[in-house]
Amino acid sequence: MAAYLFANIDVTDADGYDEYRKRVPATIAAYGGRYLTRAGATEILEGDWVPKRLVILEFPSMAILKAWYDCPEYRPLRDIRIRTATSTIVAIDGIVTTD
């Protein structure tokens, strides 16, 4: 079952974050992940939450998502993101279909 990573990122150091932005896609791809959205335009339909930079990733499974998040290739990039942005990161299981 697919799993999704939802991230709301408020970049506080654009120059520092640029290194993260350039290097992270290769780590995602190496674990079978892909971007579903990456900082696209947002439109609030309900509520008063104002998202910053929204990213949604899809991975083949929750186990693979977590393996990527903790992998040695991503760990130093995660440290860069933590240093250059304030983030909320959520992992979500996909839907089981019975087709």
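Scroll up to find the structure.
Residues numbered from 1 in each chain as written. Predicted model: local features only at pLDDT ≥ 70, side-chain atom pairs only at ≥ 80, totals over all residues. Heavy atoms only, no water.

**Student:** Requested: an account of helix 2 (residues 62–69), with residues and values cited.
**Tutor:** Along helix 2, the residues that are buried comprise Met62, Leu65 and Trp68. One side of helix 2 holds all its buried residues, which, seen down the axis, span an arc of 125 degrees. (Buried < 20%, exposed > 50% of the residue type's maximum accessible area, 1.4 Å probe, protein only. Helix = DSSP H or I, 4+ residues; strand = E, 2+ residues; numbered from the N terminus. Arc of directions from axis to C-beta.)

**Student:** Give me the lowdown on the packing of aromatic side chains, citing residues and values where you can.
**Tutor:** Inspection of the entire model under this criterion finds seven aromatic pairs. Sitting over the face of the ring of Tyr35, Arg38 holds its NZ or CZ atom 4.7 Å from the ring centroid. For Arg78, the ring lying beneath its charged end belongs to Tyr69, and the centroid distance is 4.7 Å. (Phe/Tyr/Trp six-rings, centres within 6.5 Å; stacked < 30°, edge-to-face > 60°. Lys NZ or Arg CZ within 6 Å of the ring centre and 35° of its normal.)

**Student:** Outline the side chain of Arg78, supporting the account with residue identities and numerical values.
**Tutor:** Looking at where Arg78 falls in the secondary structure, it is placed in helix 3 (residues 75–84). Here Arg78 is in contact with Tyr20, Tyr69 and Asp70, once residues within four sequence places are set aside. (Contact = heavy atoms within 4.5 Å.)

**Student:** So what's going on with the sheet that holds strand 1 (residues 3–11)? Which residues, and what values?
**Tutor:** Strand order across the open sheet formed by four strands is 2-3-1-4, with antiparallel pairing between neighbours. Two strands in the sheet have a free side with no partner beyond their single neighbour: strand 2 (34–38) and strand 4 (85–93). Neighbour to neighbour, the strand axes of the sheet diverge by 20 degrees on average, direction disregarded. Judged from the nine bridges that link them, strand 1 and strand 4 form a sheet pairing that is antiparallel. Note that in strand 4 the partner of Asn8 across the bridge is Thr88. Lying over the sheet, helix 1 (residues 14–30) contacts strand 1, strand 2, strand 3 (53–59) and strand 4, oriented at roughly 145 degrees with respect to strand 2. Where helix 3 meets the sheet, its contacts fall on strand 1 and strand 4, and the angle it forms with strand 4 comes to roughly 130 degrees. (Pairing = 2+ DSSP bridges. Axes fitted to C-alpha atoms, helices over the stretch in contact; angles between N-to-C directions.)

As far as function goes, none of this settles anything; it's purely spatial.
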